[in-house]
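Given next are the chains, with one letter for each unit.
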Amino acid sequence: MMSRHKRQSRGDRIFRKWVLPILKNHYGGMWQSTSGTHLDYTYCIDWFFTCPEGIPYQVASRSWQSKPKQHFSVRYKKTSDPAQKVETQIMLDNLHQGKSFPDKTIEAFIYNGWIYIAVVDSRMLWEVIQQMIESKDKLSIFRLKEAVGHTEFIRVPFNRLPEPPQKIVAKAIGF
């Protein structure tokens, strides 16, 4: 099992190598990673994007090397330390306290030489997540094995969002 730092570095490299070249065709401008910084750990902001018109955006991202899914995924809980704040608690706290918050959320899948990307307004996504947690409906959760225990992720189906995400599908560059 990889350490948190190694997983983050790997995720940043995967995004930079496979996803970013495709995104730049739709979101031209300057992209800057925040991996491993205070912004990443405190606010779950993975990237700064400045569009050609000079407008800055903060972006949360997740990349998977797997078959594409029709949902966003968010870290919900660590079974080894259920009290530890992970993405869900951090983002909801930041949203409610008016702290720095990503403008866009990107979920990308690299599969069979293709890149599948979904882009959504972060506030809309997290309002839906809040509703899902507060509702009496059972959350759809999947687990990933860690060195100790598992990390649980909530699935947020695209069809639960009031507006569908922007979808981008393209052949991987240099695959």
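Read on for an overview of the structure. (Residues numbered from 1 in each chain as written. Predicted model: local features only at pLDDT ≥ 70, side-chain atom pairs only at ≥ 80, totals over all residues. Heavy atoms only, no water.)

### Quick look at unusual backbone geometry
Right, so step 1: Of note, cysteine 44 is a non-glycine position whose phi angle comes to about 55°, a positive value.
Right, so step 2: Look at cysteine 44 and you get buried, because its relative accessible area is 12%.
Right, so step 3: Unlike most non-glycine residues, asparagine 112 shows phi in positive territory, near 50°.
Right, so step 4: Tracing the chain through its elements places asparagine 112 in the loop between β5 (104–111) and β6 (114–121). (Buried < 20%, exposed > 50% of the residue type's maximum accessible area, 1.4 Å probe, protein only. Helix = DSSP H or I, 4+ residues; strand = E, 2+ residues; numbered from the N terminus.)

### Side note on the side chain of serine 33
Right, so step 1: With respect to the helices, strands and loops of the structure, serine 33 is situated in strand β1 (residues 30–33).
Right, so step 2: A polar contact is formed between the side chain of serine 33 and the side chain of aspartate 12, at a distance of 2.7 Å.
Right, so step 3: Of the polar contacts made by the side chain of serine 33, one reaches the backbone nitrogen of serine 35; its length is 3.1 Å.
Right, so step 4: In contact with serine 33, not counting residues within four places along its chain, are Asp12, Arg16, Asp46 and Trp47. (Polar contact = N/O pair within 3.5 Å; in protein donor to acceptor, adjacent residues only side chain to side chain. Contact = heavy atoms within 4.5 Å.)

### What about the packing of helix α3 (residues 87–96) against helix α4 (residues 122–134)?
When two helices pack together, their arrangement is given by the angle between the helix axes and by the axis-to-axis distance.
Right, so step 1: Contact geometry for α3 and α4: axes closest at 11 Å, N-to-C directions at 115°. Classified by the interaxial angle, the pair formed by α3 and α4 is roughly perpendicular. Between α3 and α4 lies a crossing of left-handed hand. On the side of α3, the interface is formed by Glu87, Thr88, Met91, Leu92, Leu95 and His96, while α4 contributes Arg123, Trp126, Gln130 and Ile133.
Right, so step 2: Across the contact of α3 with α4, the residue classes break down as 5 nonpolar, 3 polar and 2 charged. (Axes fitted to C-alpha atoms, helices over the stretch in contact; angles between N-to-C directions. Parallel < 35°, antiparallel > 145°, perpendicular 65-115°, else oblique. Left-handed = near helix turned anticlockwise from the far one by under 90°. Nonpolar A, V, L, I, M, F, W, Y, C, P; charged D, E, K, R; others polar.)

### Structural notes on the pattern of salt bridges
Two side chains with opposite charge may pair up if their charged atoms get near one another.
Right, so step 1: Taken as a whole, this structure holds 4 salt bridges when the rule is applied.
Right, so step 2: Glutamate 87 is the salt-bridge partner of arginine 62, the closest N and O atoms lying 2.9 Å from each other. One end of the pair, arginine 62, is in strand β3 (residues 56–64); the other, glutamate 87, is in helix α3, and 25 residues separate them in sequence. Accessibility assignment for this pair places arginine 62 and glutamate 87 in one class, buried.
Right, so step 3: Between glutamate 152 and arginine 143 there is a salt bridge, with the nearest N and O atoms lying 3.1 Å from each other.
Right, so step 4: Overall, the relative accessible area of 10% leaves glutamate 152 in the buried class. (Salt bridge = Lys/Arg side-chain N within 4 Å of Asp/Glu carboxyl O.)

### Observations regarding the environment of serine 66
Right, so step 1: Mapped onto the fold, serine 66 is located in the loop between β3 and β4 (71–78).
Right, so step 2: Look at serine 66 and you get partly exposed, because its relative accessible area is 23%.
Right, so step 3: Put simply, serine 66 and isoleucine 110 are 44 residues apart on the chain and 6.0 Å apart in space, counted from C-alpha to C-alpha.
Right, so step 4: In contact with serine 66, not counting residues within four places along its chain, are Phe109, Ile110 and Tyr111.

### Some details on the side chain of glutamine 58
Right, so step 1: Among the structural elements, glutamine 58 can be located in strand β3.
Right, so step 2: A distance of 3.3 Å separates a polar atom in the side chain of glutamine 58 from a polar atom in the side chain of serine 100.
Right, so step 3: Of note is the side chain of glutamine 58, whose polar atom sits 3.2 Å from the backbone oxygen of phenylalanine 101.
Right, so step 4: Filtering out sequence-adjacent residues up to four positions away, glutamine 58 remains in contact with Ile45, Trp47, Phe48, Ser100, Phe101, Pro102, Asp103 and Lys104.

### What about the sheet that holds strand β8 (residues 150–157)?
Right, so step 1: The 3 strands are arranged β4-β8-β7 in an open sheet whose pairing can be described as antiparallel. Bordering the open sheet on either side are β4 and β7 (141–145), each of which pairs with just one other strand. In this sheet, adjacent strand axes meet at a mean angle of 35° when their direction is disregarded.
Right, so step 2: Relative to β8, β7 is paired through 5 bridges, and the arrangement is antiparallel. Bridging across to β8, arginine 143 finds its partner in glutamate 152.
Right, so step 3: Contacts between α4 and the sheet are confined to β4 and β8, with β8 contributing the most and set at about 110° to the helix. (Pairing = 2+ DSSP bridges.)

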